[in-house]
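Residues per chain are reported as follows:
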Amino acid sequence: MADPAPGASGAPTPPLGMIEIPAGPFSFGRGKGQEVNLGQFWIDATPVTNADYLHYVEEHHRPAPRHWPPEGLDEELYELPVVYVTYAEAEAYAAAQGKALPTPAQFEKAARGPAALRYPWGNGLKARASNTRETGLGCLSPVKAFPRGASPYGCLDLAGNVLHWTRTTNEGAWRVLKGGSFQRFLAASAWSDEAPAEARLPDVGFRCVWRPS
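Notes on the structure in this doc start here. Each chain carries its own residue numbering, running from 1 in the direction its sequence is written. In keeping with the model being predicted, local features are shown solely for residues with a pLDDT of at least 70 and side-chain atom pairs are shown and tallied solely at 80 or more, while totals for entire chains, interfaces and linings include all residues. Values reported for side chains reflect all heavy atoms of the structure, with hydrogen atoms and water molecules removed beforehand.

This paragraph deals with the environment of Ala199. Here a strand is any run of E in DSSP of at least two residues, a helix any run of H or I of at least four, and the numbering for each starts at the N terminus. With respect to the secondary-structure elements, Ala199 resides in the loop between strand 7 (192–195) and strand 8 (204–205). Working definition: with a 1.4 Å probe on protein chains only, accessible area under 20% of the residue-type maximum means buried, over 50% means exposed, and in between means partly exposed. Judged by relative accessible area, Ala199 falls into the buried class, the value being 14%. For the pair Ala199 and Asp157, spaced 42 residues apart in sequence, the C-alpha to C-alpha distance is 21 Å. The contact criterion used is simple: two residues touch if any of their non-hydrogen atoms lie within 4.5 Å. When neighbours within four sequence positions are excluded, Ala199 is seen to be in contact with Val85, Thr86 and Trp165.

Further remarks concern the nonpolar core. Side-chain atoms within 4.5 Å are what join buried Ala, Val, Leu, Ile, Met, Phe, Trp, Tyr and Cys residues into a set we call a nonpolar core. Formed by 22 residues in total, the largest nonpolar core has its most connected members in Tyr53, Val82, Tyr93, Leu101, Trp165 and Phe206. When contributions to this core are tallied by element, the ones reaching two or more residues are helix 1 (50–60), helix 2 (87–96) and strand 5 (163–169). Once you skip the residues sitting within four places of it in the chain, Tyr53 turns out to touch Val48, Pro63, Pro65, Trp68, Val82, Val85, Glu89, Tyr93 and Phe206. In terms of nonpolar packing, the next biggest core, distinct from the first, is built from 16 residues, Ile19, Ala110, Ala111 and Cys155 among them.

Now for a negative patch on the surface. Where like charges cluster on the molecular surface, the negative patch consists of Glu71, Asp74, Glu75 and Glu76. By the element assignment, Glu75 lies in the loop between helix 1 and helix 2. Think of a patch as exposed residues, more than 30% relative accessible area, with no salt bridge, where like charges cluster within 9 Å and nonpolar side chains (Val, Leu, Ile, Met, Phe, Trp, Tyr) cluster within 5 Å. Surface accessibility follows the Shrake-Rupley procedure with a 1.4 Å probe radius. Residue values consider only the protein chains on display as shielding. Whenever Lys or Arg places a side-chain nitrogen within 4 Å of a carboxyl oxygen from Asp or Glu, that contact is recorded as a salt bridge. Charged-residue counts in this description rest on Lys and Arg as positive and Asp and Glu as negative, His and the chain ends being excluded. Think of each charge as sitting on NZ of Lys, CZ of Arg, CG of Asp or CD of Glu.

So, about the packing of aromatic side chains. Pairing of aromatic side chains requires ring centres within 6.5 Å, counting the rings of Phe and Tyr and the six-membered ring of Trp. Pairs whose planes differ by under 30 degrees are stacked, by over 60 edge-to-face, and all others tilted. On inspection of all chains with the given rule, the structure shows ten aromatic pairs. Between Tyr119 and Trp121 the ring centres are 5.3 Å apart and the planes differ by 10°, which places this aromatic pair in the stacked class. On the basis of relative accessibility, which here comes to 7%, the residue Tyr119 falls in the buried class. In this structure Trp121 comes out as buried when scored by relative accessible area, which is 14%. The structure contains a cluster of three or more aromatic residues connected by ring pairs, namely Tyr53, Tyr56, Trp68, Tyr93 and Phe206. Whether a charge sits over a ring comes down to the Lys NZ or Arg CZ being within 6 Å of the ring centre and within 35 degrees of the ring normal. Geometry around Tyr87 places Arg175 over its ring, the cationic atom sitting 3.9 Å from the centre.

Note on placement: Lys178 falls in strand 6 (residues 175–179). The class of Lys178 is buried, set by a relative accessible area of 1%. What qualifies as a polar contact is a pair of N or O atoms within 3.5 Å, subject to a donor-acceptor requirement within protein and to the restriction that residues adjacent in sequence count only when both atoms come from side chains. At a separation of 2.9 Å, a polar atom in the side chain of Lys178 contacts the side chain of Glu108.

This next bit is on unusual backbone geometry. Its identity as a non-glycine residue notwithstanding, His61 has a phi of 55°, on the positive side. When you line up the elements, His61 lands in the loop between helix 1 and helix 2. Here Ala116, not a glycine, exhibits a phi torsion of approximately 55°, which is positive. Within the element layout of this structure, Ala116 appears in the loop between helix 3 (104–112) and strand 5. Among the residues examined, Ala116 registers a relative accessible area of 22% and is labelled partly exposed.

Take the sheet that holds strand 9 (residues 209–210) next. Pairing within the open sheet is antiparallel, and its three strands lie in the order 1-4-9. Each edge of the sheet is formed by a strand with only one pairing partner; in this case those strands are strand 1 (18–21) and strand 9. Note on pairing: two strands pair once DSSP finds at least 2 bridges between them. Here strand 1 runs beside strand 4 (residues 41–44); their pairing, made up of four bridges, is antiparallel. Residue pairing across strands places Met18 opposite Asp44, the latter belonging to strand 4.

For helix 2, the set of buried residues is Tyr87, Ala90, Tyr93 and Ala94. Down the axis of helix 2, the smallest arc covering the buried residues is 125°, so these residues share one side. Looking at the buried positions of helix 2, the neighbouring elements they touch are helix 1, strand 5 and strand 6. A positive phi of about 75° marks Gly98, the residue just after helix 2. Note: the arc covers the axis-to-C-beta directions of the helix.

In structure tokens form, the structure reads like this:
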């Protein structure tokens, strides 16, 4: 991963809009889980938005998502998560920012925190905490529309709105997906799904992680 410009102390400065996840162990996976010790990293506070992706498309002369209208994207859609992007397209975006896609363990720690919460906001159900099938919207929502669903570190949309690509494959070489989506019922943070890397799906987006070299 490329380093951003050093700060006044000489240490690399994390990109804007990212949240620090401290080094340390946490319980990864269903049930009692497996203790996994991760190093310090930073993760995007929200999924990558249409506005973020539009800036990338214009700056790096990349093709826009196929479902975007040729006359341009309406500003009212800017704060929705970008979707219908393949794994390779998400990975290319991350690389262009000097970042990477998260591993399932990084995503899950950002969601559950050190206390291994069942959901980002705690261990029980909570009204209006995430955009899932129970919420009844039936469509994408702006990435900051559900502040009650923030994780212990302050990350949003880790259990709804869109599933996220991760950089890990399963035994069948499909990519592991983490999170939740507006099309699916609420699932615990330890839950995962998978999809072919070339898939373009209406409820799959992504966010990035960053670590200083």
